[in-house]
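As a plain string of letters, each chain reads:
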Amino acid sequence: MSKIEIIQGILDANEATATGNRAVFDKNDCLAVNVMSAPGAGKTSFILRTIEALSADTRIGVIEGDVVSTVDAEKVHDVAQAVIQINTKGMPESCALVADMVHVALQRMPIEDLDLVLIENVGNLLCPTEFDLGEHLKVVITSTPEGHDKPLKYPVIFAQADALIINKADLLPYVDFDMEEFTRTVRNLNASVQFFPLSCKTGEGVAEWATWLRDQRQRR
Amino acid sequence: MHEYGVTESIIRIVEDKAKEAGVTKVTSIHIVVGALTGFVPDCIRFYYDTMSKNTIAEGATLEFEELPLRLRCRSCADVFEPITREWKCPACGAPEIDIEGGRELYIKEMEVS
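Below or above, wherever it landed, is the structure these notes cover. Fair warning: this is a prediction, and the values are worked out from it, not measured in the lab.

**Some details on the overall build of chain B**
Within chain B, the regular secondary structure consists of two helices and six strands. Going residue by residue from the N terminus, the α and β elements of chain B occur as α-β-α-β-β-β-β-β. Here chain B has a C-alpha radius of gyration of 18 Å; the compact-globule value for 113 residues is 13 Å, and the former is much larger. Principal-axis analysis of the C-alpha atoms gives chain B an extent of 55 × 30 × 15 Å. Of all 113 residues assigned to chain B, the portion counted as buried reaches 41%. For chain B, the accessible area works out to roughly 5,800 Å², and carbon and sulfur atoms hold 49% of it.

Here it is, written out as structure tokens:
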């Protein structure tokens, strides 16, 4: 009986694939954004609004992750340059996208003709934090009816976010969402995150987000 | 929920290392899991029993070592393990922190025969 030292990350293979994905995005001068939220926060509506705001001068592809169904991909199909649907049901990870799924999607995407790829992750605030996809930016959406205490329950995803979208801002008069408390809690976990309160229903606040995203692309 | 893929990964790493070392049987695997990861040891054990069948690591004991959540104060750089749900620096009282540890997930060593 003897011991063998290993010291190897169990997710190293995912990270290696993610690094490969990032290299593909970089080579094609394409900004990749991982969009994450709980189910129902408005990821697809947010992607549709983002495409609407940027499509005049930005070629946008979308990777749609869902456990089952193609309803989100169908919604995005008419407005995006390219849409690839990934269904995670029956895959080793069904609760989040992993780098290999994005790798496969990229082979079916005209990446050289795209400036921006929006990756809609599976609705979940926990599992997506473990899997780097090769994105450049992590965007997390919280919607006001979910409550301002979400960052205390799921600190990692809020600590990782580059941008935080506070969706359904039009409902603020009707729900008990304390914006100040929310932004303070997130700020305590994440010094550099950018906040964007907006409403995908009314379109209010979308322009500010779109300007920031366009700026992020130009900086690369 | 994503333990299936993680278990698959554990078996692959152990098989590779065992082959490299020229051993024929892995009897235990020591896995380090941070308190803040979403991975559930019992769930990994459950998958492992089935997935390790007919591999060099079939029947190996999985030992999990949990590393605590550690936070670093952005004001005074003190590193601490929070006791309550409120993540405040015990040294200076500041609430602004960075997550320093607790997200680990790696195989430390294995016992072979």
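**Here we look at the overall build of chain A**
Regarding its fold elements, chain A presents eight helices and eight strands. Here chain A has a C-alpha radius of gyration of 18 Å; the compact-globule value for 220 residues is 17 Å, and the two agree. Contacts spanning at least 24 positions in sequence make up 73% of the contacts within chain A whose residues lie at least 6 apart. Surface exposure of chain A reaches about 9,300 Å², of which carbon and sulfur atoms provide 49%. For chain A, the distance from the average position of its 20 positive side-chain charges to the average position of its 32 negative side-chain charges is 0 Å.

**Focus: helix α8 (residues 206-219) of chain A**
Spanning 14 residues, α8 of chain A covers 20 Å between terminal C-alpha atoms, matching the ideal 20 Å at 1.5 Å per step. Looking at the buried positions of α8 of chain A, the neighbouring elements they touch are β2 (31-37), α2 (43-54), β5 (116-120), β6 (137-143), β7 (163-167) and β8 (194-197) of chain A.

**Observations regarding the pairing of β6 of chain A**
Residues and elements named next belong to chain A. By the criterion of burial, β6 is predominantly enclosed, with seven of the seven residues buried. Residue alternation in β6 divides its side chains into two sets, L137, V139, I141 and S143 and K138, V140 and T142, and both sets are buried. Pairing analysis gives five bridges linking β2 to β6, with the strands arranged parallel. Looking across to β6, one finds that N34 is bridged to K138.

**Side note on the packing of α2 of chain A against α8 of chain A**
Residue and element names in this part refer to chain A. Where α2 meets α8, the axes come as close as 10 Å, and the angle between the chain directions of the two elements is 70°. Compared by their axis directions, α2 and α8 come out roughly perpendicular. The segment α2 lies against α8, with F46, R49, T50, A53 and L54 engaging V206, W209, A210, L213 and R214. When its residues are assigned to classes, the contact of α2 with α8 shows seven nonpolar, one polar and two charged.

**Focus: the sheet that holds strand β3 (residues 70-73) of chain B**
Residue and element names in this part refer to chain B. Spatially, the three strands line up as an open sheet ordered β4-β3-β5, and their pairing is antiparallel. Two strands in the sheet have a free side with no partner beyond their single neighbour: β4 (79-80) and β5 (97-101). Pairing analysis gives two bridges linking β3 to β4, with the strands arranged antiparallel. Note on β4: the bridge partner recorded for R72 is V79.

**Thoughts on the sheet that holds strand β3 (residues 60-66) of chain A**
All names here are of chain A. Strand order in the open sheet formed by seven strands is β4-β3-β5-β2-β6-β7-β8, and the pairing between neighbours is parallel. The open sheet terminates on both sides in strands that have one partner only, identified here as β4 (82-87) and β8. Here the strands of the sheet are splayed against their neighbours by 20° on average, with no regard to which way each runs. Where β3 and β5 come together, five bridges link them in parallel fashion. Residue pairing for β5: I60 is matched across the bridge by L116.

**Some details on the interface of chain A and chain B**
The interface is formed by 29 residues belonging to chain A together with 36 residues belonging to chain B. Both sides together, the interface formed by chain A and chain B hides about 2,900 Å², and carbon and sulfur atoms give 64% of it. If you sort the residues of chain A by the area they bury against chain B, I4, I6 and I10 of chain A come out on top, with a joint share of 25%. The interface formed by chain A and chain B contains two salt bridges. Put simply, chain A and chain B have 13 residue pairs in polar contact (both at pLDDT 80 or more) between them. Listing elements by their share of the side of chain A that touches chain B, those giving two or more residues are β1 (2-9), α6 (155-160) and α7 (179-189) of chain A.

**A few points about the packing of aromatic side chains**
Residue and element names in this part refer to chain A. Applying the stated criterion to the full structure yields eight aromatic pairs over all chains. Geometrically, the ring pair formed by F177 and F182 is tilted, given 5.1 Å between the ring centres and 45° between the ring planes. This pair shows no difference in class: F177 is buried, exactly as F182 is. An aromatic cluster of three or more residues is present, and its members are F46, F196, W209 and W212.

**Let's talk about the nonpolar core**
Of all hydrophobic cores here, the largest spans 48 residues; its most connected members are V117 of chain A together with I10, V26 and I29 of chain B. The element best represented in this core is helix α1 (residues 3-21) of chain B, accounting for six residues. With near-sequence residues (within four places) excluded, I29 of chain B lies in contact with I10, V14, Y48, A60, T61, L62, E63, I107, E109 and M110 of chain B. Core analysis: the next-biggest nonpolar cluster, separate from the first, contains 26 residues, I47, I60, V139 and L213 of chain A among them.

Calculation notes
- Residues numbered from 1 in each chain as written.
- Chains lettered and ligands numbered in written order.
- Predicted model: local features only at pLDDT ≥ 70, side-chain atom pairs only at ≥ 80, totals over all residues.
- Heavy atoms only, no water.
- Helix = DSSP H or I, 4+ residues; strand = E, 2+ residues; numbered from the N terminus.
- Rg over C-alpha atoms; globule rule 2.2 N^0.38 Å.
- Buried < 20%, exposed > 50% of the residue type's maximum accessible area, 1.4 Å probe, protein only.
- Areas by Shrake-Rupley, 256 points an atom, 1.4 Å probe, with all protein chains shown as cover.
- Contact = heavy atoms within 4.5 Å.
- Lys, Arg positive; Asp, Glu negative; His and termini not counted.
- Charge placed at Lys NZ, Arg CZ, Asp CG, Glu CD.
- Expected span 1.5 Å × (residues − 1).
- Pairing = 2+ DSSP bridges.
- Axes fitted to C-alpha atoms, helices over the stretch in contact; angles between N-to-C directions.
- Parallel < 35°, antiparallel > 145°, perpendicular 65-115°, else oblique.
- Nonpolar A, V, L, I, M, F, W, Y, C, P; charged D, E, K, R; others polar.
- Buried area = accessible area lost by both parts, 1.4 Å probe.
- Salt bridge = Lys/Arg side-chain N within 4 Å of Asp/Glu carboxyl O.
- Polar contact = N/O pair within 3.5 Å; in protein donor to acceptor, adjacent residues only side chain to side chain.
- Phe/Tyr/Trp six-rings, centres within 6.5 Å; stacked < 30°, edge-to-face > 60°.
- Core = buried A, V, L, I, M, F, W, Y, C linked by side-chain atoms within 4.5 Å.

Keep in mind that these numbers describe shape and distance, not what the molecule does.
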